[in-house]
There are 2 protein chains.
Amino acid sequence: MAKTASASRQQQPYHHGNLAEALVAAGLDMAAEGGPEALSLREAARRAGVSPTAVYRHFEDRTALVLAVKNVVLARLAAAMEQALAKPVPRGMDPAARAHEHLIRIGTAYVEFAVAHPGDYRVMFADGCFPDDTPSGVAGEHVSGRPYGILSNVLDEMVATGALAAAARPGAEAPAWAMVHGLASLILEGPYGALPPGEREAMVAMSLEIIAAGLTGR
Amino acid sequence: MAKTASASRQQQPYHHGNLAEALVAAGLDMAAEGGPEALSLREAARRAGVSPTAVYRHFEDRTALVLAVKNVVLARLAAAMEQALAKPVPRGMDPAARAHEHLIRIGTAYVEFAVAHPGDYRVMFADGCFPDDTPSGVAGEHVSGRPYGILSNVLDEMVATGALAAAARPGAEAPAWAMVHGLASLILEGPYGALPPGEREAMVAMSLEIIAAGLTGR
DNA sequence: CGCGGATGTGCACGATGTAAACACCCTGTG
DNA sequence: CACAGGGTGTTTACATCGTGCACATCCGCG
């Protein structure tokens, strides 16, 4: 992105400009409208003003296109989580409480993202595993800047501040992630979507406190 | 089932016999093979030896067929959970510990069902909400015999035996269900499917203990 | 015996993903 | 400056899917 550099005239530089980006953009729109199953290859081509098979010059498959969209969504979710962390914390809060608060915040942000962008969220879990978020071999900086990495960092912070026992740290991502993903999923595709917003938020808040309590042993 | 009563000759009684059942059976097979997106109306008709549009005499939609399959799967999951409850508990276990154990058992059964029957499990969360499992208005006997009802009952048992504070009871289904659904989902459609079975089971067991601890306050 | 409604068939239409052959035009090289 | 090559987009085609509509068939009831 920001590659519009030397193109003084914004007529398409040669064939289309960059179709790949346009297709992903179209894919993002369609995903927002109707989730991953509404993300059609032909419709993406249509929106980009191009013939259906042109897509294959940039994406091997429909799933490849979906995967590209998925990556963008993943980054957006990560951004929402980071933003939730960035908001200031009440003064005089001790570090452990702060770490705990951080866990609650990224959890809330995760679920709220799913509620605010249902289609986007569901794309992240459409056909096939995650693109480059790390499953188990959690190694080094490769992890950060992505939702899983953010969670990892917060859990580390909890250990560092004494909010979480070091013995409880290994594998702590799993229950935490499972909880927020379960909440999001049951709201979007399960029965909890029928709850009025207020009750839903209370339910989420309670669930997050419960998982935090379970992790830290209170 | 077991309706083969008065049909002495097993030639199809009149047109087909009962197409509806055959279609659901075919649907169950297809779901087991490739999940909800592999559950095609035409293929179901093919397997039942019938023309595609014949399906519409028994199901308004493709989604109606999926919903019928979903109901069967839901019952199977409930059966698996009840079976997990039925196995005997170590002698001398006090009622509260027993109730706790029950919660762990149905949680384990839930996730194991998902792992053992990925396609079936995913059908339960395919297009549209739950058929007749109760979302929020949890009322009376209508609930039992189904996964959500089983969970409700176990939570009630926990309160009755003192394993769970009465104040923590309202809405306790949500975090519990979110946890197991999150685990199942992340295993089937997320990164945790890559874990070797032993590690996966350990991860699930740990997560279940954590949610139980969070609920009961230890 | 015959009729009506339940059940199943045939055909058609538009949508989708994708493969193969062709057409264009930018870019680097002689 | 000309020209070949390859990256990019088009056209055409095929198999699949869900579904509507008109027709055929056959059971059971009067």
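Located above this text is the structure these notes cover.
Rules used throughout
Residues numbered from 1 in each chain as written. Chains lettered and ligands numbered in written order. Predicted model: local features only at pLDDT ≥ 70, side-chain atom pairs only at ≥ 80, totals over all residues. Heavy atoms only, no water. Helix = DSSP H or I, 4+ residues; strand = E, 2+ residues; numbered from the N terminus. Buried < 20%, exposed > 50% of the residue type's maximum accessible area, 1.4 Å probe, protein only. Contact = heavy atoms within 4.5 Å. Areas by Shrake-Rupley, 256 points an atom, 1.4 Å probe, with all protein chains shown as cover. Salt bridge = Lys/Arg side-chain N within 4 Å of Asp/Glu carboxyl O. Near = heavy atom within 4 Å. Polar contact = N/O pair within 3.5 Å; in protein donor to acceptor, adjacent residues only side chain to side chain. Nonpolar A, V, L, I, M, F, W, Y, C, P; charged D, E, K, R; others polar. Buried area = accessible area lost by both parts, 1.4 Å probe. Least-squares fit on C-alpha atoms with pLDDT ≥ 70 in both. Axes fitted to C-alpha atoms, helices over the stretch in contact; angles between N-to-C directions. Parallel < 35°, antiparallel > 145°, perpendicular 65-115°, else oblique. Expected span 1.5 Å × (residues − 1).

Undergrad: Can you explain the overall build of chain A? Please cite residues and give values.
TA: If you tally the helices and strands in chain A, you get 8 helices and 0 strands. Taken from the N to the C terminus, the helices and strands of chain A come in the order α-α-α-α-α-α-α-α. The 218 residues of chain A split such that 45% are buried. Put simply, of all contacts in chain A between residues at least 6 apart along the chain, 68% involve residues at least 24 apart. A total of about 10800 Å² of accessible surface is found on chain A, and carbon and sulfur atoms cover 54% of it.

Undergrad: How would you summarise the pattern of salt bridges if you had to cite specific residues and measurements?
TA: When charged atoms on two side chains of opposite charge get close, those side chains can pair. With the rule as written, the count across this model stands at 18 salt bridges over all chains. Between Arg47 of chain B and Glu33 of chain B there is a salt bridge, with its nearest N and O atoms 3.1 Å apart. A residue pair is termed long-range when its members are at least 10 positions apart, and Arg47 of chain B in helix α2 (residues 41-47) and Glu33 of chain B in helix α1 (residues 19-34) qualify at 14 residues. On the basis of relative accessibility, which here comes to 39%, the residue Arg47 of chain B falls in the partly exposed class. We classify Glu33 of chain B as exposed; its relative accessible area is 58%. For Arg169 of chain B, the salt bridge identified is with Asp156 of chain B, shortest N-O distance 2.9 Å. Separated by 13 residues along the polypeptide, Arg169 of chain B in the loop between α6 (147-160) and α7 (173-188) and Asp156 of chain B in helix α6 bring together distant segments of the chain. By sharing partners, the salt bridges in this structure join Glu33, Glu43, Arg46 and Arg47 of chain A into a single network.

Undergrad: Explain the protein's contact with DNA strand D to me, and be specific about the residues and the numbers.
TA: Taken together, 21 residues are adjacent to DNA strand D, and Ser51, Thr53 and Arg57 of chain A together with Arg42 and Arg46 of chain B come closest. Considering the 4 Å shell around the protein, atoms of DNA strand D inside it are sugar or phosphate in 49% of instances. In the model, a phosphate oxygen of DNA strand D is placed 2.8 Å from a nitrogen or oxygen of the Leu41 of chain B main chain. Within the side chain of Tyr56 of chain B, a nitrogen or oxygen atom sits 3.1 Å from a sugar or linking oxygen of DNA strand D. Ranked by the residues each element gives to the surface near DNA strand D, the list is headed by α2 of chain B, at 3 residues. Of the residues assigned to the surface near DNA strand D, the class counts are 7 nonpolar, 8 polar and 6 charged.

Undergrad: Outline the protein's contact with DNA strand C, listing residues and values.
TA: Neighbouring DNA strand C are 21 residues, the closest being Arg42 and Arg46 of chain A together with Ser51, Arg57 and His58 of chain B. For DNA strand C, the backbone portion of the atoms within 4 Å of the protein, that is sugar and phosphate, comes to 49%. In this structure, a phosphate oxygen belonging to DNA strand C sits 2.9 Å away from a main-chain N or O atom of Arg62 of chain A. Between a base oxygen of DNA strand C and a side-chain N or O atom of Thr53 of chain B, the distance comes to 2.7 Å. Looking at which element gives the most residues to the surface near DNA strand C, the answer is helix α2 (residues 41-47) of chain A, with 3 residues. Among the residues making up the surface near DNA strand C, the classes are represented as 7 nonpolar, 8 polar and 6 charged.

Undergrad: Requested: an account of the interface of chain B and chain A, with residues and values cited.
TA: If you look at the interface, chain B gives 35 residues, while chain A gives 35 residues. Interface area for chain B against chain A, summed over the two sides, is near 2800 Å², with a carbon-plus-sulfur share of 73%. Scanning the region where chain B abuts chain A turns up 0 salt bridges. Our enumeration of links across chain B and chain A arrives at 2 residue pairs in polar contact (both at pLDDT 80 or more). When contributions to the side of chain B that touches chain A are tallied by element, the ones reaching two or more residues are α7 and α8 (197-216) of chain B.

Undergrad: An account of the relation of the copies chain B and chain A is needed here, citing residue identities and associated values.
TA: Each copy of the sequence occupies a distinct position, and chain B is placed on chain A by a rotation of 180 degrees and an axial shift of 0.0 Å, giving an RMSD of 0.0 Å. Here the copies are linked by what is in effect a two-fold axis. Interface overlap between copies: 100% of the residues of chain B at the interface are likewise at the interface in chain A, consistent with a symmetric, same-surface contact.

Undergrad: Lay out the environment of Ile106 of chain B with the relevant residues and their values.
TA: All names here are of chain B. With respect to the helices and strands, the residue Ile106 is situated in helix α4 (residues 95-116). Note on Ile106: relative accessible area 3%, which makes it buried. When the C-alpha atoms of Ile106 and Val154 are compared, they prove to be 8.7 Å apart, with 48 residues separating the residues in sequence. Apart from residues lying up to four places away in sequence, Ile106 is in contact with Met81, Leu85, Ile150, Leu151 and Val154.

Undergrad: Tell me about the packing of helix α1 (residues 19-34) of chain A against helix α3 (residues 62-86) of chain A, and please be specific about residues and values.
TA: Residues and elements named next belong to chain A. Two numbers describe how α1 lies on α3: the axes approach to 9 Å, and their chain directions differ by 70 degrees. One way to sum up the angle between α1 and α3 is to call them roughly perpendicular. Across the interface between the two elements, Leu23, Val24, Gly27, Leu28 and Ala31 from α1 touch Leu65, Ala68, Val69, Val72, Val73 and Arg76 from α3. Along the lines of polarity and charge, the residues of the contact of α1 with α3 split into 9 nonpolar, 1 polar and 1 charged.

Undergrad: Lay out helix α8 (residues 197-216) of chain A in plain terms, naming residues and giving numbers.
TA: Counted at 1.5 Å a residue, the expected span for α8 of chain A with its 20 residues is 28 Å, and the 28 Å between its end C-alpha atoms agrees. For α8 of chain A, the full list of buried residues reads Arg200, Met203, Val204, Ser207, Leu208, Ile210, Ile211, Ala212, Ala213, Gly214 and Leu215 of chain A. Tucked inside the fold, the buried residues of α8 of chain A contact α4 (95-116) and α7 (173-188) of chain A together with α7 and α8 of chain B. Downstream of α8 of chain A by one or two residues, Gly217 of chain A has phi in the positive range, about 70 degrees.

Undergrad: Give me α6 of chain B: which residues, what numbers.
TA: For an α-helix the count is 3.6 residues per turn, leaving residues at separations of three or four pointing the same way. All names here are of chain B. End to end, α6 covers 20 Å across 14 residues, agreeing with the expected 20 Å (1.5 Å per residue, within 8%). Of all the residues in α6, the buried ones are Pro147, Tyr148, Gly149, Ile150, Leu151, Ser152, Val154, Leu155 and Met158. Positioned one or two residues after α6, Gly162 has a phi angle of 85 degrees, which is positive.

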